[in-house]
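Fold and contact review
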Amino acid sequence: MNSKKPGRRRFLKEGAALAGLAVGAIRSASGQTLAPETPAGKPKDTLAYGERSQFVNSLRIGTNGRYGMDNPELPRASRDYGIRTPLQDSVGIITPSSLHFIVSHGYDSPNIDPRQHRLLIHGLVDRPLSFTLEELERLPSVSRIHFVECAGNSTASGAVFVPGAARVAPTGTVQQVHGLTSCSEWTGVLLSLLLREAGVKNGATWIIAEGAEQGMHIKSIPLEKALDDVLVAYGMNGEPVRPQQGYPLRLLVPGWEGINNVKWLRRIKVVDQPYMGMRESTRYPSLRVDGKARWFQFEMGPKSVILRPSGGQKLSGPGFHQITGLAWSGGGMIRRVEVSTDGGRTWKDAAIQGPVHSKAHTRFRLDWNWNGEETVLQSRCTDERNEVQPTVAEVGKIYGVNLTADFFKERPDTLIHFNAIQSWRVNRDGSVQNVFA
Ligand SMILES: Nc1nc2c(c(=O)[nH]1)N[C@H]1C(S)=C(S)[C@@H](COP(=O)(O)O)O[C@H]1N2
Ligand SMILES: [Mo]
């Protein structure tokens, strides 16, 4: 079974060399077990596939801030759901694939053999098409750097993972509160190319994308976006997409709610209306206090957060410290990031540390001399459409609620799309704490 692997590697390296090969015969998916990544009996070869230094210990956390989430003793929900990126340790703009956040509603990632996997495009099209991974890899590819962010990031949805609602708890860390976003270089085929190949019929207005896992995640996406910048991605940071991120194929829908980025993608149906799939019509609309719900909010608003210093860290003493963080927007490029070191009274332009990509994490930094006094640090960003990151009170106005800490604790599931300014208090002893303001 493993004998195919070197062949695929060679294909990745030598491009057209295998392009003429016939695609593998269809085999029944039932009763097959896949070979483990490290064939039995072979010691792990860290020169063949590298590992980071033993002194580097930055890790993802899951439910209740837990580590070791592949421990079978833990409840399933701790293992593959709401697993957060350690943003506080990040440098630059790319999240290592091993640290990409994970939201999988079905908990376990399916173990998909790419030779048996197909992507079907059908519905309101002239020619229904079916693609293997190899066939997609033969088509013209593009690479784009984009963030993915769960619509529930940065809000009290963290309450179900972190007791005491991390967004309002003094102990909240940037990983607990904002760790449901990551940024990668994604490689694949533009969905517009595949749809053009299939021939979209008149009257088509939406696509429904479906994943191959047991729970069959589906998502309705307007055709206009599907024909714009959406990718069918098989590559992530220079290698195949990781199993937890959707191996062998995922949809990448730049700048839109994470839920659109359907993993283990196996079907795209072109239709004339949204389908109101289970998740998109239950967990992902936001409930308003008046009993109505906001549906299909799609685009993620401009957001920035200071990663260093941030909650739970400690400054070694007064003097020079760089303030550094990330900003991103579903509306395009980040044009400006301002930082306040006095609780919002005055703002200074931070330096944008390139590269800057559209709908991607963007690094900013500001030189700062801490005088040893207690203060509050904040950042706010502006995107290329001149949309400015709002304050907590401004987000409250949009939702028609007074956003107190108590509101968050009592109605932890109410708010998604929470892109309000994050505040960190620096205490006199150098400790840094989350403040909800
Ligand atoms: N097939 C499938 N795709 C999915 C999901 C899922 O549960 N199943 N979760 C969605 C949600 S809600 C988010 S936020 C993103 C998370 O992507 P990641 O796990 O690669 O970070 O995947 C989306 N795609
Ligand atoms: Mo999500």
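Residues numbered from 1 in each chain as written. Chains lettered and ligands numbered in written order. Predicted model: local features only at pLDDT ≥ 70, side-chain atom pairs only at ≥ 80, totals over all residues. Heavy atoms only, no water.

**Side note on the packing of aromatic side chains**
What characterises a pair of aromatic rings is the spacing of the ring centres plus the angle enclosed by the ring planes. Short version of the rule: Aromatic pairing here means that ring centres of Phe, Tyr or Trp (its six-membered ring) are within 6.5 Å. Orientation follows from the plane angle: under 30 degrees is stacked, over 60 is edge-to-face, and everything else is tilted. Each helix is a run of H or I in the DSSP string that is no shorter than four residues. Each strand is a run of E no shorter than two, and both are numbered from the N terminus. Three labels apply to residues, based on accessible area from a 1.4 Å probe with only protein chains included: buried if under 20% of the type maximum, exposed if over 50%, partly exposed otherwise in between. Our definition puts a charge over a ring when NZ of Lys or CZ of Arg is within 6 Å of the ring centre and also within 35 degrees of the ring normal.
A full pass over the atoms with the stated rule returns four aromatic pairs. With 6.4 Å between their ring centres and 45 degrees between their planes, Trp206 and Phe298 make a pair best called tilted. Of this pair, Trp206 sits in strand β7 (residues 206–211) while Phe298 sits in the loop between β14 (293–294) and β15 (303–308), placing them 92 residues apart in sequence. Using a relative accessible area of 14% as the deciding quantity, one classes Phe298 as buried. With a centroid separation of 4.4 Å and 25 degrees between ring planes, the pair formed by Trp256 and Phe298 is classed as stacked. Here Trp256 is found in the loop between β11 (250–252) and β12 (265–271), whereas its partner Phe298 is found in the loop between β14 and β15, with 42 residues between them in sequence. Phe298 matches Trp256 in its accessibility class, with the two residues each being buried. Connected via pairs of aromatic rings, a cluster forms that spans Trp206, Trp256 and Phe298. The ring centre of Trp347 lies 4.1 Å from the NZ or CZ of Arg380, which sits over that ring.

**With respect to the site of ligand 1**
Selection rule: The nearness test applies per residue and asks whether one of its heavy atoms lies within 4 Å of the molecule or strand. Two N or O atoms count as a polar contact when they lie within 3.5 Å, although within protein this holds only if one can serve as hydrogen donor and the other as acceptor, and sequence-adjacent residues are included solely when both atoms are side-chain atoms. A 1.4 Å probe and the Shrake-Rupley method give the accessible areas. Residues count as covered only by the protein chains that appear here.
Neighbouring ligand 1 are 20 residues; Phe101, His105, Glu213, Arg250 and Lys263 lie closest to it. Interatomic distance of 3.2 Å between a side-chain N/O atom of Gln245 and an oxygen atom of ligand 1. Contacts to ligand 1 include Arg250, whose side-chain N or O atom sits 2.8 Å from an oxygen atom. Burial of ligand 1 by the surrounding chains reaches 100%, relative to a free accessible area of 530 Å².

**Side note on unusual backbone geometry**
Outside of glycine, negative phi angles account for most residues, and trans bonds account for most peptide bonds. Of the consecutive residues Tyr247 and Pro248, the connecting peptide bond is found in the cis state with omega at 5 degrees. Summarising the element assignment, Pro248 is placed in the loop between β10 (239–240) and β11. For the bond from Arg308 to Pro309, the omega torsion is 0 degrees, close enough to zero to count as cis. With respect to the secondary-structure elements, Pro309 resides in the loop between β15 and β16 (319–328). In the Ramachandran plot, Ser154 falls in the positive-phi region, its phi being about 70 degrees despite a non-glycine side chain. For Ser154, the position within the fold is in the loop between β5 (142–149) and α4 (174–178). Residues other than glycine seldom take positive phi values, yet Trp264 does so here, at roughly 50 degrees.

**Here we look at empty space enclosed by the protein**
Stated formally: Cavity: a set of points on a 1 Å grid over the protein atoms alone where a 1.4 Å probe fits but cannot get out. Pocket: an open set with protein on both sides within 12 Å along at least five of seven lines, its lining residues, like those of a cavity, having an atom within 4 Å of a point. Grid points are joined across faces, edges and corners, and a volume is the space filled by probe spheres set on the points. Note that Gly is not counted as nonpolar here; it falls among the polar residues with everything else outside the nonpolar set of Ala, Val, Leu, Ile, Met, Phe, Trp, Tyr, Cys and Pro and the charged set of Asp, Glu, Lys and Arg.
Overall, the coordinates contain three cavities of 30 Å³ or more when judged by the stated rule. Estimated volume of the largest cavity: approximately 240 Å³. Along the wall of the largest cavity there are 18 residues; nearest its centre are Val103, Arg250, Gly258, Asn261 and Lys263. Of the residues assigned to the lining of the largest cavity, the class counts are eight nonpolar, seven polar and three charged. If you trace the second largest cavity, you find it lined by Thr85, Leu87, Ser90, Val91, Gly92, Ile93, Ile94, Thr95, Leu326, His361 and Arg363. Taken together, the residues of the lining of the second largest cavity sort by class into five nonpolar, five polar and one charged.

**Things to note about the side chain of Thr95**
So the rule is basically this: Residue contacts follow a heavy-atom distance rule, with two residues in contact if any of their heavy atoms lie within 4.5 Å.
Along the polypeptide, Thr95 turns up in the loop between β1 (81–83) and β2 (102–103). Thr95 sits in the buried class, given a relative accessible area of 6%. When residues no more than four places from it in sequence are discounted, the contact partners of Thr95 are Thr85, His100, Ser182, Cys183, Ser184 and Asn237.

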